[in-house]
Protein chains: 2
Amino acid sequence: MEQEYASTLLENAVNQLSRLPGIGRKTALRLALHILRQEERMGVDLGESIVALRKGIRYCVKCHNISEDEKCPICSNPLRDASTVCVVESVKDVLSIENTGQFRGLYHVLGGLISPMDGIGPSQLEIDSLVKRVEDEKVDEVILALSATMEGETTNFYIYRKLGTLPVKITQLARGVSVGNEIEYTDEITLGRSIVNRTLFSESFNKDVQ
Amino acid sequence: MEQEYASTLLENAVNQLSRLPGIGRKTALRLALHILRQEERMGVDLGESIVALRKGIRYCVKCHNISEDEKCPICSNPLRDASTVCVVESVKDVLSIENTGQFRGLYHVLGGLISPMDGIGPSQLEIDSLVKRVEDEKVDEVILALSATMEGETTNFYIYRKLGTLPVKITQLARGVSVGNEIEYTDEITLGRSIVNRTLFSESFNKDVQ
């Protein structure tokens, strides 16, 4: 149903907002009317911040994380440990891992996972550039921090094979019972892995204290 | 928890987006990263449409609907019936009624409902301007199209009293069983009203055909 708006400005804003994921035309209209009810500065700031975001952001030439300069702040930081590279699927995963405060190395953003179902092959991902990085730079360890899904495991294995001949340690995130989860509702594969890879109880104290 | 972003541009966009109703910081980040993944034109169009919306929209001097000019397109349209004024709570209600295609008169947007609980009194609403409009212009009928809630009924009654001495017909939206609703789940007050105000079955054909 084509909805008729009183104003082409409103119609245009609703059209644009409803192109965002999870925002339908009804929500878009509600957001647009909310913006109109606020003072002018707020709506203008919102709009301008989106334009500035889209125009100002590019990708780090080294790790493919978002950046405002040629290299992102993480790759440019001399205090980070350049010998450890954490391989992640997306920019969002970089933020998640940074927020844990547990990692001081660098990242490599693949831009996706290998998924034949979705037609995504290794060549569409930043895998060759990862291999080149390991070849050219002094990388001691590559941490595979991809999702514990079929796509993630496939990509892990592909990268493992690609890096196989290089003198680098390849690790992956520990699999185990999620903190806060009940054993009763943990799937058997996870439970099995967490028994095999059990850790010293005394170590858990040190790990939690930062 | 203060989240650290790789870029102040991203941080700023997330801050602005998360000020929208129903959008938390997680959703704001998801939207910002989505905008970054799309081609540049899309993000710029979105941002610019919001700025244009907020800068370009004002309120119709006559009916207080949103407008790009002094008078809104509905008030300016000579084909609309200026003798019938439909009183609504908000701009959104104007859109809803316009979408039914059943009303050819003009509107009057109150900007809210009388609600002592929320500290909203008649003076904060466009009620005086409604009375003045009925006094000064040739208005034959005022349709009260407010919500069937306590605030709506209170506001209906207040307007009814205010207009009481003027030679104008005051009507309100029919109360009845919502189309598509089952009798079993219709509340007794609505059911009672819909029996008292029952309509000729044959009339329902004509009303549905447009």
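Since the model is a prediction, treat every value here as computed from it, not as a measurement.

*Asks:* Run through the pattern of salt bridges, naming residues and quoting values.
*Replies:* Enumeration according to the criterion identifies 14 salt bridges over all chains in this entry. If you follow the salt bridges from partner to partner, you end up with R41, D45 and E48 of chain A in one network.

*Asks:* Can you break down the packing of aromatic side chains residue by residue, with the values?
*Replies:* All names here are of chain A. Counted by the stated rule, this structure contains 4 aromatic pairs over all chains. With 5.2 Å between their ring centres and 65° between their planes, F103 and Y107 make a pair best called edge-to-face. We note that F103, like Y107, is buried.

*Asks:* Explain the state of the cysteines to me, using residue names and the numbers behind them.
*Replies:* Residue and element names in this part refer to chain B. Per the counting criterion, the structure on display carries 0 disulfides over all chains. Between C63, a free cysteine, and C72, which holds the nearest cysteine sulfur, the sulfur-to-sulfur gap is 3.6 Å. On the basis of relative accessible area, C63 is assigned to the buried category, the value being 1%. Left without a disulfide partner, C75 is nearest to the cysteine sulfur of C63, which lies 3.7 Å away.

*Asks:* Which residues make up the sheet that holds strand 6 (residues 169–172) of chain B, and what values go with them?
*Replies:* All names here are of chain B. Judged by pairing direction, the sheet is parallel, and its 4 strands sit side by side in the order 4-3-5-6 without closing on themselves. A single partner strand is all that each edge strand has here, and the edge strands are strand 4 (105–109) and strand 6. Geometrically, the sheet is characterised by an average inter-axis angle of 25° between neighbouring strands, direction not taken into account. With respect to the sheet, helix 5 (residues 91–100) is in contact with strand 3 (81–88) and strand 4, its orientation differing from that of strand 4 by roughly 160°.

*Asks:* Can you explain the sheet that holds strand 6 (residues 169–172) of chain A? Please cite residues and give values.
*Replies:* All names here are of chain A. The strand order across the open sheet formed by 4 strands is 4-3-5-6, and the pairing between neighbours is parallel. The strands lining the two open edges of the sheet, one partner per strand, are strand 4 (105–109) and strand 6. Strand-to-strand, the axes of this sheet are offset by a mean angle of 25°, without reference to chain direction.

*Asks:* A description of the interface of chain A and chain B should follow, citing residues and the corresponding values.
*Replies:* On the side of chain B, 52 residues touch chain A, which itself brings 53 residues to the contact. Carbon and sulfur atoms make up 71% of the area that chain A and chain B hide from each other, which totals about 5300 Å². When the buried area of chain A at its contact with chain B is split by residue, L36, L53 and R54 of chain A rank highest and sum to 14% of it. Where chain A packs against chain B, one counts 12 residue pairs in polar contact (both at pLDDT 80 or more). Those elements giving two or more residues to the side of chain A that touches chain B turn out to be helix 1 (8–17), helix 2 (25–37), helix 3 (40–56) and helix 5 (91–100) of chain A. No other element matches helix 3 of chain A, which puts 16 residues into the side of chain A that touches chain B. Residue classes in the side of chain A that touches chain B are distributed as 29 nonpolar, 13 polar and 11 charged.

Each value, and the rule that gives it
- Residues numbered from 1 in each chain as written.
- Chains lettered and ligands numbered in written order.
- Predicted model: local features only at pLDDT ≥ 70, side-chain atom pairs only at ≥ 80, totals over all residues.
- Heavy atoms only, no water.
- Salt bridge = Lys/Arg side-chain N within 4 Å of Asp/Glu carboxyl O.
- Phe/Tyr/Trp six-rings, centres within 6.5 Å; stacked < 30°, edge-to-face > 60°.
- Buried < 20%, exposed > 50% of the residue type's maximum accessible area, 1.4 Å probe, protein only.
- Disulfide = S-S within 2.5 Å.
- Pairing = 2+ DSSP bridges.
- Helix = DSSP H or I, 4+ residues; strand = E, 2+ residues; numbered from the N terminus.
- Axes fitted to C-alpha atoms, helices over the stretch in contact; angles between N-to-C directions.
- Contact = heavy atoms within 4.5 Å.
- Buried area = accessible area lost by both parts, 1.4 Å probe.
- Polar contact = N/O pair within 3.5 Å; in protein donor to acceptor, adjacent residues only side chain to side chain.
- Nonpolar A, V, L, I, M, F, W, Y, C, P; charged D, E, K, R; others polar.

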